[in-house]
Amino acid sequence: MSGSQCTLRFTVNGENCAVQVPPMKRLLDVLREDLHLTGTKEGCGEGECGSCSVRMDGELVNSCLVPVLHAEGANIQTVDGLAASGTLHPLQQAFLKYGGAQCGICTPGMLMAATQLLSINPHPTMAEIREGLAGNLCRCTGFIRIFESVIAAAHNPSADQGAHAR
Amino acid sequence: MRGNPDAHEIVAPGCLAAVLDLLTGAPGEWTPIAGGTELMVAHAAGRLAASRLVSLWGIRELRFITTGAKGISIGAGATFRDLRGDAGIADHLPLLAKAASWIGSIANQSRATVGGNLVNGSPAADSSPALLAYDAEVELVSVRGSRRIPYSEFHTGYKRNAMAPDELLLAVHLPLRFARHRRYLRKVGTRRAMAISKVALAGTAIVEEGVVSELRLAAASLAPFPARLYETEAALVGKSIDSRTIESAREVLLTEARPIDDIRSTAEYRKRVAANLLEEFLLELRSEGSPK
C-alpha cells in the first residue's frame, strides 16, 4: 500500500512542467508546493468553496479534488498566469476598480471562474454570472461587487469605464 | 490536507478492457475513481479507505451520450457538464437536464460523472430521482460480458448496489417514451448551488380525462437509497385528482417514506416537505397547464 513517485508532464500557464510526485497528490498541492505557484488558495479542501479553482483543458475544476495523475498531459491555467507580461487581466483590473476583492482568499478562484464563464459566454447576464460563480464562496464582499466587476470586464475589456450596468 | 498521498496507489490503464482485467484479477481490491468529486473529498479528510484506485477518467469508451430512435444512452463516464450540453437530453429528458444543472457547481459538474453519482449511492443523489422517473436501465460490464437491469433494482441498501466485485457500471439507458407525460422535479436544499438535497421528488404521469392512468414517483433522501414510491403511486393510479385523493396520497407517502434525521434535515421535515412536493405535482396535474 504505497504510492510510488511518478513523473508527470503537463503545461501550466503555457509552460511545460515535469514533476516527480505521488500520483494521488492533489493538483492543488502540486501547484503550490512543487511548482511554487501559490496564487491558487485552499479554502475548504472539499470542493465546496471554489478558492482552489483552476482551468484544466478549458474546464473549470476544483484543484483540491483532482489527483495530479489526472493532470497528465493537460493544459492548466491558474491565476498566476492571468497577468500577461506584467499587465493585469481586464478581470483583475475590474476587481480592483469595483471592489471585487477584499481579503483576497476567494479572489483567485473567483477570477478563474469568471475567466471560464467569459471564455464561453463573453457577455453574460447577471443570472449567468451568478450561476457561473455559484461554486465560489466569498465571506467579505456580499458578492454584488464581484458580479459588478465581472459585468464591467465583460462590457469593456479594458475596464476603463464605469460598471454598475445592472 | 489530512490524507496521505503516499498511502494510496492509483493507476490509469487507459482503456475499458484493461480496467476490467484489473477488476477480475483482484475482485474487490480496486476502487474505481472517475472525476474524484466524492473520493477526493474523503482523501483530503484522511478517511479514504481504498488503498488501490483505478482511474476511469479519460477512458473514451465510458464517456459518450448517444441518441437513437428508441432511447438515449449515457456512458457512465459522461460528466454532468456533458449532460447539460447535450441537445438530445435537453429535448427528450428535461428532468435529467434540470437535475444535472443542480449538481454542485460548474467546477463540480465538469468532473462529476453520472456513473459516479449512481455507484456512490448517496440517498440524496441528484440525478437519481429523474432517472427513476424515466425508467432508466443500467448496464453493468465485466470480462464475463454485460447485463442490463432496471435502475430501480440497482440500489440494494445504504451505499450498497447490485454490482458484482468484478463489474463496472458501463452506461445508463433511457427509453424515449415520455414525450406525452407530464413531469415534475423539485429539489429542496439549503441554497440553490452546492447544496445537498434535504429532499427531492421527481414524477412522470399521464392523466386522461382527469384520471391518472400512468405514474412514476421517485425521491431522494426519503429512504436509505434513491427509490420509487410504489405505494404512493398505487394510491393514485386510476384515481381522479381531487382533494380527497390528494389527501390520501399524502398520507400514503408519509407512511411509505423512511427518511432519517441527519446534519442536513430531520425525518419529520423531510416527510412533510415531500408530501408538499407531491401535492404541488398533483395540483399541476389537475390544472390544464403545460408540462413543467
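Here we summarise the structure given alongside this text.

Conventions we followed
- Residues numbered from 1 in each chain as written.
- Chains lettered and ligands numbered in written order.
- Predicted model: local features only at pLDDT ≥ 70, side-chain atom pairs only at ≥ 80, totals over all residues.
- Helix = DSSP H or I, 4+ residues; strand = E, 2+ residues; numbered from the N terminus.
- Buried ≥ 20, exposed ≤ 12 C-beta atoms within 10 Å, placed from the backbone.
- Axes fitted to C-alpha atoms, helices over the stretch in contact; angles between N-to-C directions.
- Parallel < 35°, antiparallel > 145°, perpendicular 65-115°, else oblique.
- Left-handed = near helix turned anticlockwise from the far one by under 90°.
- Contact = placed C-beta atoms within 7 Å.
- Pairing = 2+ DSSP bridges.

**Structural notes on the environment of Leu170 of chain B**
Residues and elements named next belong to chain B. The residue Leu170 is located in strand 10 (residues 168-175) in this model. Using a count of 23 C-beta atoms within 10 Å as the deciding quantity, one classes Leu170 as buried. Residues Leu170 and Trp102, 68 residues apart in the sequence, show an inter-C-alpha distance of 23 Å.

**Remarks on the packing of helix 2 (residues 90-97) of chain A against helix 3 (residues 107-120) of chain A**
All names here are of chain A. At their nearest, the axes of helix 2 and helix 3 sit 10 Å apart, and the two run at 130 degrees to each other. With respect to helix 3, the axis of helix 2 lies oblique. In terms of crossing hand, the pair formed by helix 2 and helix 3 is right-handed. Two secondary-structure elements touch here, helix 2 through Leu91, Gln92 and Phe95 and helix 3 through Thr107, Leu111, Ala114 and Thr115.

**Focus on the pairing of strand 12 (residues 199-208) of chain B**
Residues and elements named next belong to chain B. Along strand 12, seven of the 10 residues are buried, which leaves the element largely enclosed by surrounding structure. Here seven bridges tie strand 11 (residues 182-188) to strand 12, and the two strands are oriented antiparallel to one another. For Arg182, the partnering residue across the bridge sits in strand 12 and is Ala205. Judged from the nine bridges that link them, strand 12 and strand 13 (residues 211-220) form a sheet pairing that is antiparallel. From the neighbouring strand, Leu201 faces strand 13, where its bridge partner is Ala219.

**Topic: the sheet that holds strand 4 (residues 65-67) of chain B**
Residues and elements named next belong to chain B. Strands sit in the order 4-5-10-6-7 across an open sheet of five strands; the sheet is antiparallel. Edge positions in the sheet fall to strand 4 and strand 7 (145-150), since each has one partner strand and no second. Going across the sheet, the axis of each strand differs from the next one's by a mean of 20 degrees, ignoring polarity. As defined by bridge partners, strand 6 (residues 137-142) adjoins strand 10 across five bridges and the pair is classed as antiparallel. Counterpart to Glu137 in the pairing with strand 10 is His173. In this fold helix 1 (residues 16-25) packs onto strand 6 and strand 10, with an angle of close to 75 degrees to the strand it touches most, strand 6.

Purely geometric stuff here, so don't read any function into it on its own.
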